Amino acid sequence: MICDKIQHLIAYAMKNGLITEADRFVVQNQLMEALHLTDWQLSDSVSSCEDSIDAILQPLVDYACATGVIADTAASRDLFDTKLMGIFTPMPHEMIASFQQHYQESPEAATDWYYDISQKLNYVRAGRIAKDKKWKFASQYGMLDITINRSKPEKDPRDIAAARNQKAAAYPKCQLCPENAGFAGHPNHPARQNLRPIPMKIFGQDWQLQYSPYGYYNEHCIVFNEAHIPMKVDHAIFEKLFDVLDFLPHYFIGSNADLPIVGGSILSHEHFQGGHYTFAMAVAPIETSITLAQYPTVQAGILKWPMSVVRLISTDRKALSNACNQILEQWRGYSDATVSVFAETDGMPHNTITPIARKKGAAYECDLVLRNNRTSEDRPLGIFHPNPSLHHIKKENIGLIEVMGLAVLPARLAVELEVLQQAMLMHADLAADPQTAAHADWAVDILQRHPEFCAENAESILQAEVGAVFEQVLCDAGVFKRDATGKAAFLRFLQLFA
């Protein structure tokens with residue numbers, strides 16, 4: 001009976017501290033209203049609240065679909081299960097008070113609590129994140145993370161049609177605006193009844209902290225300006241990043257670049273991404289030390305990394321911020337025709353950076369990844385972008401997360417690589433199957449280099465080869481290549497500060 005399923009959800013909420021016994025009838029009635037029920041009847045069966053939140057919600061959503069409460073589409077289901085969890089979500093002042101109480105113990109205790117409750121409220125969709133396929137690849141630059149993103153639901157054609165017919169709305173302006181908290185959503189915008197961001201003061205401005213619903217790594221957070229203003233990489237960005245580190249010293253924090261192609265997916269709203277995770281880039285060593293004549297208290301050097309990265313370290317926050325800005329400003333206008341780096345063409349700027357910051361004890365550490373978004377006729381997606389031979393694996397932009405060494409690969413690869421593996425084992429005509437045709441040349445090369453390819457090692461070989469593709473993707477995105485010419489050009493740029 002459906003009332004038993006509601007009871008199961010209430011038991012889950014009570015066990016996880018989302019409600020107390022005093023709240024029972026209020027939430028019970030709200031759930032009944034959401035499901036269009038007017039009567040309450042329980043059977044004698046007893047449900048376990050040990051099930052995952054996804055397993056508990058599914059029969060309630062199925063019932064809503066079967067009885068016409070909602071349409072049976074992926075988007076409608078997501079909107080509805082979020083509505084149900086919104087019933088258990090504390091008001092913002094309650095969440096903020098709890099966060100502040102835990103923060104008095106330590107910043108890490110506060111984020112531990114906040115991430116945990118975000119999962120219990122199913123805002124962070126842990127069940128779906130677990131569907132992502134993940135492995136490590138030992139590159140010459142360290143252990144790269146490889147992820148095939150399977151957590152985000154596929155678009156249902158009916159949802160696409162509904163979104164097309166949905167009246168254009170300007171509220172909220174985007175998915176990062178503070179008005180999203182508690183928002184019911186619609187076919188063009190996800191529901192956020194279970195979202196409760198935490199306020200922060202950054203650079204004297206009002207910002208907020210929340211987690212990504214489909215995080216790619218541990219405690220994948222988003223820190224965003226309450227004002228809907230565009231991304232901008234300037235001197236102030238370093239002070240903002242360091243302010244976040246002062247508030248959450250156990251997290252790293254970074255910003256996407258502020259230009260198309262090398263920037264993030266939402267350039268219209270200022271935000272950073274961070275979390276409690278150590279990427280390969282964070283532990284990469286300085287390969288060549290450099291001197292910054294104006295900033296003797298700042299250590300600096302070129303990172304041993306496939307992309308072009310300058311690392312700066314100092315306990316003097318102001319000096320570090322100024323040193324980072326000096327490199328940024330110089331890079332904005334820098335050109336070197338010998339390595340096809342041009343600061344602008346026809347008045348269009350091309351140079352920017354992807355900055356990433358972290359704390360190491362009392363010292364601040366900031367990595368400046370040099371970026372250039374120039375295109376050409378034969379490279380319309382970007383000259384410093386994965387080359388066309390790699391597009392069968394990675395064609396999308398290389399943003400902050402990939403820059404640090406985590407490949408976010410498209411969901412299609414989960415199926416395509418399995419089909420490809422079987423086809424390779426059966427010596428099938430790879431070019432004849434649409435699911436393997438794009439990978440055919442790559443697969444033939446793999447078989448030539450791995451005569452030992454068989455059922456026992458096929459998956460591990462393919463995973464390693466995908467990892468090698470991602471390593472090359474990062475090399476392609478580097479503005480100064482890892483060869484002698486590129487290294488010499490990188491040093492020429494940095495000698496401007498000696």
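First, a word on scope: everything that follows refers to the structure included in this document. (Residues numbered from 1 in each chain as written. Predicted model: local features only at pLDDT ≥ 70, side-chain atom pairs only at ≥ 80, totals over all residues. Heavy atoms only, no water.)

## A look at the overall build of the chain
So, point 1. Each helix and strand counted, the chain has 16 helices and 15 strands in total.
So, point 2. In terms of overall dimensions, the chain is globule-like: its C-alpha atoms have a radius of gyration of 25 Å, near the 23 Å expected for 498 residues.
So, point 3. With the principal axes as the frame, the chain shows a C-alpha extent of 75 × 60 × 45 Å.
So, point 4. Sequence separation of at least 24 residues holds for 64% of the intrachain contacts in the chain that already meet a minimum separation of 6.
So, point 5. For the chain, the accessible surface area stands at approximately 21,700 Å², while carbon and sulfur atoms represent 53% of it.
So, point 6. Between the averaged position of the 43 positive side-chain charges in the chain and that of its 58 negative side-chain charges there is a distance of 3 Å. (Helix = DSSP H or I, 4+ residues; strand = E, 2+ residues; numbered from the N terminus. Rg over C-alpha atoms; globule rule 2.2 N^0.38 Å. Contact = heavy atoms within 4.5 Å. Areas by Shrake-Rupley, 256 points an atom, 1.4 Å probe, with all protein chains shown as cover. Lys, Arg positive; Asp, Glu negative; His and termini not counted. Charge placed at Lys NZ, Arg CZ, Asp CG, Glu CD.)

## Considerations on the pattern of salt bridges
So, point 1. For the coordinates displayed, the defined rule picks out 29 salt bridges.
So, point 2. Note that Asp 445 is salt-bridged to Arg 449, the shortest N-O span being 2.9 Å. With a gap of 4 residues between them, Asp 445 and Arg 449 both fall in helix α14 (residues 440-449), about one helical turn apart.
So, point 3. By relative accessible area, Asp 445 is classed as partly exposed at 32%.
So, point 4. Within this structure, Glu 239, Asp 243, Asp 246, Arg 317, Lys 318 and Lys 359 form a network of salt bridges that share partners. (Salt bridge = Lys/Arg side-chain N within 4 Å of Asp/Glu carboxyl O. Buried < 20%, exposed > 50% of the residue type's maximum accessible area, 1.4 Å probe, protein only.)

## So, the pairing of strand β9 (residues 299-303)
So, point 1. For β9, a buried count of 4 out of 5 residues is recorded, marking the element as mostly surrounded by other parts of the structure.
So, point 2. In the sheet, strand β8 (residues 286-290) pairs with β9 via 4 bridges, with the strands oriented antiparallel. Across the sheet, Ile 286 pairs through a bridge with Leu 303, a residue of β9.
So, point 3. One ladder, built from 4 bridges, connects β9 with strand β10 (residues 309-314); its direction is antiparallel. Paired with Ile 302 across the bridge in β10 is Val 310.
So, point 4. Between β9 and β10, which pair antiparallel one after the other, the connecting turn spans 5 residues. (Pairing = 2+ DSSP bridges.)

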